[in-house]
Amino acid sequence: MVSRVIPVETFDLVIFGATGDLATRKIFPGLYRRFWAGQIPPESRIIGAARSDMTPEGFREQVRKAIDEFVSTDKKDAATIDAFLGRIGYVPIDAKGTGGWDKLKAEMRPGVVSAFYFSVAPALFGDLAERLHSFEIATPESRIVVEKPFGRDLASARALNATLAAHFREEQIYRIDHYLGKETVQNLMAVRFANILFEPLWNSQYVDHVQITVAETVGVGGRGSYYDKSGAMRDMVQNHMMQLLCLIAMEPPYHFDPNAVRDEKLKVIRALDPVRPEDIVRGQYARQNGQPGYIEDSENPQSRTESYIALKVHISNWRWKGTPFYLRTGKKLRARASEIAITFREPPHSIFDDAAGWRENVLTIRLQPNEGMNLMVMIKEPGPGGMRLTQVPLDMSFAEALGEEGADIPDAYERLIMDVIRGNQTLFMRGDEVEAAWAWTDPIIGGWESSEDRPKPYDPGSSGPDDSLMLMHRDGRRWREIRE
Ligand code: NAP
């Protein structure tokens, strides 16, 4: 299959926080890869901005190092790297100060798409928005890209939305959730809405339950004190897992249009029932073989923050009443694996003996590693010996199925930045979506805070606390094995 790269319009993109970790590891290497692929017109410009006092040449050397470290060898050649670096500028700016803004303004060209990426702490979003406006750098067509976390509760998310809304229209604001930029996540929409096969079965009459797992093997060491203020619920469930849940549960939008898609996602969030305390299990990884546990990593001996959470969620609408969604995510688990598994119900009547060995159909959508889909179906076990059934996978790894193109799936950030330049907000969260997600999350977190609830310890390398197994067992179900 031939890969199609459609160039975007010429743009000026300013990266605030250009010397930071995200810019170094993801944004600049991602932009370079798109340049290498021919998607970025050569007249485009990328301007770094941060407080560090550096010349443009000094900054270009930093970007060269980032490309060296974070781009694979097959996409690197000296001429392309030099051409890319030739498009990069740098302006020292303090988001809270007044210096440098006029210089930045002089860098911006009229008549090309302008975008401003706020890759800085959210506390600075307001300052940046205000100065882009007061120094007349942003135009009514400019776009701003804001990073997570978008608030830490409903009140702060509302305040942030109001701050941005004071200077930019909603159509100009791109709230990044990099999960939405993953190939498989978008494929969820293609699978559901471009095939007749699944949609008639996509409801509580045919779906027994849904499991969403985001498992990591790393702990929080190195950024423990930052993580301790957040925890798995704020860091993963409120944003990434909520987005996955929405894409699985939403009604078909009337068109693949940003607001039509986001309207449908919002309806799902609003239909979520409050979660009962007995349907939530929180955990903290324990110390093991001299390796620090969460308490040590977070540098907070009294920490009650969860590094693991499992919860059972109900969506109160016609489509999903009666089908639970089980969500779990955690650090230091047995494997790094993210997947969505949709387990279908038993056929209404079996014509085969119990001994034939029936098992449920399961559709699995793997986000990482090895993005792809897998449908477990029953067939007859080959050979003589009567009618015995066996379960086999209809397996589709995107990398295998799509050949070269599949093996070269762009990183989520690459795709999302190109969408910003195209002016397509479909894969970005709208302000009301974010607020609705916090409105659902706040009472859950508030409940822990007021009840002295403590997370249960679990062994690093395990599947989480034993109580999370019980969450499923008591419903007569089992978690899928966490494996790569
Ligand atoms: P970081 O490594 O701490 O970098 C922060 C950047 O902001 C630096 O370039 C810093 O440069 C600049 N900065 C700090 N204060 C500033 C000011 N007053 N004016 C102008 N620039 C200032 O942070 P990061 O990890 O890159 O994260 C950036 C944003 O992305 C945060 O919102 C974070 O939550 C989000 N995020 C990061 C990741 C990740 O993997 N790193 C993942 C998801 C989301 P100077 O010191 O030179 O000013």
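Note that the structure is predicted; figures quoted are calculated from it, not measured. (Residues numbered from 1 in each chain as written. Predicted model: local features only at pLDDT ≥ 70, side-chain atom pairs only at ≥ 80, totals over all residues. Heavy atoms only, no water.)

So, the overall build of the chain
Now for step 1: Helices and strands together make up the secondary structure of the chain, namely 16 helices and 15 strands.
Now for step 2: The C-alpha radius of gyration of the chain comes to 24 Å, within 12% of the 23 Å expected for a compact globule of 484 residues.
Now for step 3: Here the C-alpha coordinates of the chain stretch approximately 80 × 55 × 45 Å along the principal axes.
Now for step 4: A burial count over the chain gives 52% of its 484 residues as buried. (Helix = DSSP H or I, 4+ residues; strand = E, 2+ residues; numbered from the N terminus. Rg over C-alpha atoms; globule rule 2.2 N^0.38 Å. Buried < 20%, exposed > 50% of the residue type's maximum accessible area, 1.4 Å probe, protein only.)

With respect to the pattern of salt bridges
Now for step 1: Applying the stated criterion to the full structure yields 42 salt bridges.
Now for step 2: Ionic pairing is found between R169 and E171, a salt bridge with its closest N-O pair at 3.6 Å.
Now for step 3: For E171, a relative accessible area of 45% corresponds to the partly exposed category.
Now for step 4: Here R366 ties to D395 by a salt bridge, and the two come within 4.0 Å at their closest N and O atoms. Here R366, found in strand β12 (residues 362–368), pairs with D395, found in strand β14 (residues 389–397); they are 29 residues apart in sequence, far enough to count as distant.
Now for step 5: Linked through salt bridges whose partners overlap, the residues forming this network are K96, D127, E130 and R131. (Salt bridge = Lys/Arg side-chain N within 4 Å of Asp/Glu carboxyl O.)

Regarding the sheet that holds strand β5 (residues 143–146)
Now for step 1: The strand order across the open sheet built from six strands is β3-β2-β1-β4-β5-β6, with neighbouring strands paired in parallel fashion. If you trace the sheet from one side to the other, it starts and ends with β3 (88–92) and β6 (173–175), each paired once. Here the strands of the sheet are splayed against their neighbours by 20° on average, with no regard to which way each runs.
Now for step 2: In this sheet, β6 lies alongside β5 in parallel orientation, the contact comprising three bridges. (Pairing = 2+ DSSP bridges. Axes fitted to C-alpha atoms, helices over the stretch in contact; angles between N-to-C directions.)

Focus on helix α2 (residues 56–70)
Now for step 1: Taking 1.5 Å per residue as the helical rise, α2 with its 15 residues ought to reach 21 Å, and the 21 Å between its terminal C-alpha atoms agrees with that figure.
Now for step 2: Of the positions making up α2, those classed as buried are F59, V63, A66 and I67. For α2, the buried positions fall inside an angular range of 100° around the axis, keeping them on one side. Structural note: α2 exposes K65, D68 and E69 on the side pointing more than 90 degrees away from its buried face. (Expected span 1.5 Å × (residues − 1). Arc of directions from axis to C-beta.)

What to know about helix α16 (residues 466–473)
Now for step 1: Looking only at α16, the buried set comprises S468, L471 and M472. When α16 is viewed along its axis, its buried side chains cluster within an angular range of 90° and face the same direction.
Now for step 2: Taken together, the buried residues of α16 touch β7 (207–215), β8 (280–285), β9 (308–313) and β10 (325–330). (Contact = heavy atoms within 4.5 Å.)

Here's the deal with the packing of aromatic side chains
Now for step 1: All chains considered together, the criterion is met by 16 aromatic pairs.
Now for step 2: Geometrically, the ring pair formed by F35 and F84 is tilted, given 5.5 Å between the ring centres and 55° between the ring planes. Taken together, the residues F35 in helix α1 (residues 21–36) and F84 in helix α3 (residues 78–85) connect sequence positions 49 residues apart.
Now for step 3: A ring pair is formed by Y285 and Y458, whose centres lie 6.5 Å apart and whose planes are at 75°; its orientation type is edge-to-face. Residue Y285 is found in strand β8, and its partner Y458 is found in strand β15 (residues 456–458); the two are separated by 173 residues along the sequence. This pair shows no difference in class: Y285 is buried, exactly as Y458 is.
Now for step 4: An aromatic cluster of three or more residues is present, and its members are F16, W101, F118, F125 and F135. (Phe/Tyr/Trp six-rings, centres within 6.5 Å; stacked < 30°, edge-to-face > 60°.)

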